[in-house]
Amino acid sequence: MDSIISTFHIDWKIIIAQAVNFGVVFTVLYIFALKPLNKLMQERSEKISKGVEDAKQNEELLKACRADYDEVIKKAKNEAYVFSEKAKKEREIEKSASIENTKKEVEAIIQNGKKMMEDEKVKMVEDAKKEIVSLTMLATEKLISSKKDLNDLP
Amino acid sequence: MEKISHEITLFAEPVFHFGSFTVTNALVTSWFAVAIIVVLALALRSKLREVPGKIQSVFEVAIEGALSLCDQVTNDRKLSLKIFPFAISVFFFILVNNWLGITPLGGFGIIEKGEHGLAFIPYLRSGTADINGTIALAIMAVLGANIFGVFSVGLWKTFNKYVNLKVLGEIFTKLRREPTIIIVAPITFFVGLIEIVGEFAKIASLSFRLFGNVFAGEVLLVSMAALVAYAVPIPFLFLEILVGLIQALIFSILLVVYFTIGASDHAEEHEGHEEPAEHKLASV
């Protein structure tokens, strides 16, 4: 052991001095470089991971919004289809009702016209009859009067 | 005129004295390393922004990479975050020291009269090319790992890793159910005692590995420069830059391994058949 100490000049004072040197290096590096750098890197990685997390959340939110949007659009389309079908049916019903009414009205007008024509015909026959009677009477009167004149002749 | 020798010594040469305290060139280099790291840390602190600039980006990438490397050893981000400041400080301290040792500034120095005549003593010698520097780091690593273990799993469990009184006690409680415990328990207790020796072996292996590699590198560079100056040492200089980085990395990773072992509960590990941290390192 003594030979090793004397050969390598092992000196506990220098060992302590070197230990102190290392202590200074450790302290300075830890306080001024490693600790702040580590803190900065951690903060940055936290920010990055938070950003990634936010981006994921936003993506999920966007997906949910798209799903909602699709759902609403689908629902609206269904409702619109139902309304349109209902409107079509109502229109068909109204149309057929209106055609029916019109037919009835036309029928009524035709019936009314026929009746009016019948009445007019009857009235005309009546008038003609009256006219014939009056003409017959007038002709009879004239004939009677002409016969009387003939008789008066000498 | 007397010839000046550029002898490479196994130990750091004294440059000046503060009373009885001898300041070696390795210590001076360590002070330079400390100053450089402090300046860089303060510069980084002043430039810290939420939107990083170029320097901050480089640091962030390096730190993130080092932290993920640490995760591969610990398998636990929380544990990694606790160990990481210590490991990265060791890494930078060793790296700057290693690289300072191979800068051309090593040409500045003093000429002193030694045992073999005049000798050139450079002002800069890597702090890790002196065993005192590496021993200091190794002791702090091993001690730190055990203190970290005390804070992580508790004093009693850490103490039982070395002096396994719990397993001795189990001889009396489990003898009827498991008669083999009378053989297993003393062996386990003895293994615990060997762990104490292992801790000293860790100090020796950590310190001598780093010292040996860095010192060998410096010897290699000086030898090459002495053989063929200027051109030939350049590839070796680049090699030493790489070696300096690798050695700093090895020391830091081993420190992380020791800290992870310190923070793991041995009893739970054996019951859960968990893979030990050394095996995890082997897969890294």
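Residues numbered from 1 in each chain as written. Chains lettered and ligands numbered in written order. Predicted model: local features only at pLDDT ≥ 70, side-chain atom pairs only at ≥ 80, totals over all residues. Heavy atoms only, no water.

Per an unreviewed UniProt entry, the recorded name for chain B is ATP synthase subunit a, and the organism is Candidatus Nomurabacteria bacterium GW2011_GWD2_39_12. We quote the UniProt Function (unreviewed entry) comment for chain B here in full: "Key component of the proton channel; it plays a direct role in the translocation of protons across the membrane." According to the UniProt record, the Sequence similarities (unreviewed entry) comment for chain B reads "Belongs to the ATPase A chain family." (UniProt positions renumbered as here; feature names shortened; annotations may be inferred.)

### A closer look at the overall build of chain A
A count of helices and strands for chain A gives two helices and zero strands. For 154 residues, the compact-globule formula gives about 15 Å, and the C-alpha radius of gyration of chain A, at 63 Å, lies well above that figure. With respect to the three principal axes, the spread of C-alpha positions in chain A is 210 × 25 × 15 Å. For chain A, with 154 residues in total, the buried portion stands at 11%. Both charge centroids of chain A, one from 28 positive and one from 28 negative side chains, sit 2 Å from each other. (Helix = DSSP H or I, 4+ residues; strand = E, 2+ residues; numbered from the N terminus. Rg over C-alpha atoms; globule rule 2.2 N^0.38 Å. Buried < 20%, exposed > 50% of the residue type's maximum accessible area, 1.4 Å probe, protein only. Lys, Arg positive; Asp, Glu negative; His and termini not counted. Charge placed at Lys NZ, Arg CZ, Asp CG, Glu CD.)

### Structural notes on the overall build of chain B
Each helix and strand counted, chain B has ten helices and four strands in total. Across chain B, helices and strands are ordered from the amino to the carboxyl terminus as β-β-α-α-α-β-β-α-α-α-α-α-α-α. Within chain B, the proportion of its 284 residues that are buried is 43%. For chain B, the proportion of contacts with a sequence separation of at least 24, taken over those separated by at least 6, is 68%. (Contact = heavy atoms within 4.5 Å.)

### As for the interface of chain A and chain B
Taken together, the contact between chain A and chain B spans 30 residues of the former and 46 residues of the latter. Where chain A abuts chain B, roughly 3,400 Å² becomes buried across the two surfaces, and 77% of that area is made up of carbon and sulfur atoms. On the chain A side of the contact with chain B, Phe-8, Gln-18 and Phe-22 of chain A bury the most area, a combined 20% of that side's loss. Along the contact surface separating chain A from chain B lie two salt bridges. Linking chain A to chain B there are eight residue pairs in polar contact (both at pLDDT 80 or more). For the side of chain A that touches chain B, the secondary structure elements donating two or more residues are helix 1 (2-8) and helix 2 (12-152) of chain A. Among the elements that take part in the side of chain A that touches chain B, helix 2 of chain A stands out by supplying 24 residues, more than any other. Of the residues in the side of chain A that touches chain B, the class split is 21 nonpolar, five polar and four charged. (Buried area = accessible area lost by both parts, 1.4 Å probe. Salt bridge = Lys/Arg side-chain N within 4 Å of Asp/Glu carboxyl O. Polar contact = N/O pair within 3.5 Å; in protein donor to acceptor, adjacent residues only side chain to side chain. Nonpolar A, V, L, I, M, F, W, Y, C, P; charged D, E, K, R; others polar.)

### Thoughts on the nonpolar core
Counting 56 residues, the largest nonpolar core has Leu-137, Leu-206, Phe-251 and Leu-255 of chain B as the members making the most contacts within it. Looking at this core, the elements that each hand over two or more residues are helix 2 of chain A together with helix 1 (25-46), helix 2 (54-74), helix 3 (77-101), helix 4 (131-153), helix 7 (181-227) and helix 8 (233-263) of chain B. The biggest single contributor to this core is helix 3 of chain B, with 13 residues. Look past the residues within four positions of Leu-255 of chain B in its chain and what remains in contact with it is Ile-83, Phe-86, Ala-87, Val-90 and Ala-141 of chain B. Counting residues in hydrophobic clusters, the runner-up holds seven residues, among them Phe-8 and Ile-15 of chain A together with Phe-211 and Phe-215 of chain B. (Core = buried A, V, L, I, M, F, W, Y, C linked by side-chain atoms within 4.5 Å.)

### A closer look at the side chain of Arg-44 of chain A
Topologically, Arg-44 of chain A is positioned in helix 2. Residue classification places Arg-44 of chain A among the buried residues on the basis of a relative accessible area of 18%. If sequence neighbours within four positions are ignored, Arg-44 of chain A has contacts with Arg-49, Glu-50, Pro-52, Gln-56 and Glu-60 of chain B.

### Examining the pairing of strand 2 (residues 21-24) of chain B
Within a regular strand, the side chains alternate between the two sheet faces. Residue and element names in this part refer to chain B. Both strand 1 (residues 14-18) and strand 2 contribute to a ladder of four bridges, which runs antiparallel. Residue pairing in the sheet places Phe-16 in a bridge with Val-23 of strand 2. Counting the residues that bridge the hairpin from strand 1 to strand 2 gives two residues, and of these Gly-19 lies at a positive phi of roughly 65 degrees. (Pairing = 2+ DSSP bridges.)

### Structural notes on the packing of helix 1 of chain B against helix 3 of chain B
Residue and element names in this part refer to chain B. Between helix 1 and helix 3, the least distance of the axes is 9 Å, while the angle of their chain directions is 120 degrees. Judged by the angle between their axes, helix 1 and helix 3 are oblique. As for how helix 1 packs across helix 3, the hand of that crossing is right-handed. Between helix 1 and helix 3, the contacting residues are Thr-29, Ser-30, Phe-32, Ala-33, Val-34, Ile-36 and Ile-37 on the first element and Phe-92, Phe-93, Val-96, Asn-97 and Leu-100 on the second. In the contact of helix 1 with helix 3, the residues fall into nine nonpolar, three polar and no charged. (Axes fitted to C-alpha atoms, helices over the stretch in contact; angles between N-to-C directions. Parallel < 35°, antiparallel > 145°, perpendicular 65-115°, else oblique. Left-handed = near helix turned anticlockwise from the far one by under 90°.)

### With respect to a nonpolar patch on the surface
Residue and element names in this part refer to chain B. A surface patch of nonpolar side chains, about 680 Å² in accessible area, is lined by Trp-99, Ile-234, Phe-238, Ile-241, Leu-242, Leu-245, Ile-246 and Ile-250. If one sorts the elements of the nonpolar patch by residue count, helix 8 sits on top with seven residues. As for its placement among the helices and strands, Trp-99 is situated in helix 3. (Patch = residues over 30% accessible without salt bridge, like charges linked within 9 Å, V, L, I, M, F, W, Y side chains within 5 Å. Areas by Shrake-Rupley, 256 points an atom, 1.4 Å probe, with all protein chains shown as cover.)

### A word on the packing of aromatic side chains
Any pair of aromatic rings gets described here by the distance separating the centres and the angle formed by the planes. Taken as a whole and assessed by the stated rule, the structure comprises 14 aromatic pairs over all chains. Seen from their ring centres, Phe-91 of chain B and Phe-92 of chain B are 5.6 Å apart, and the 65 degrees between their planes marks the pair as edge-to-face. The class of Phe-91 of chain B is buried, set by a relative accessible area of 13%. Centroid distance Phe-148 of chain B to Phe-259 of chain B: 5.3 Å. Interplanar angle 40 degrees. Geometry classified as tilted. With Phe-148 of chain B in helix 4 and Phe-259 of chain B in helix 8, this residue pair connects regions lying 111 residues apart in the sequence. Since its relative accessible area comes to 14%, Phe-148 of chain B is described here as buried. Members of the aromatic cluster, joined through ring pairs, are Phe-22, Phe-26 and Tyr-30 of chain A together with Phe-86, Phe-93, Phe-148 and Phe-259 of chain B. (Phe/Tyr/Trp six-rings, centres within 6.5 Å; stacked < 30°, edge-to-face > 60°.)

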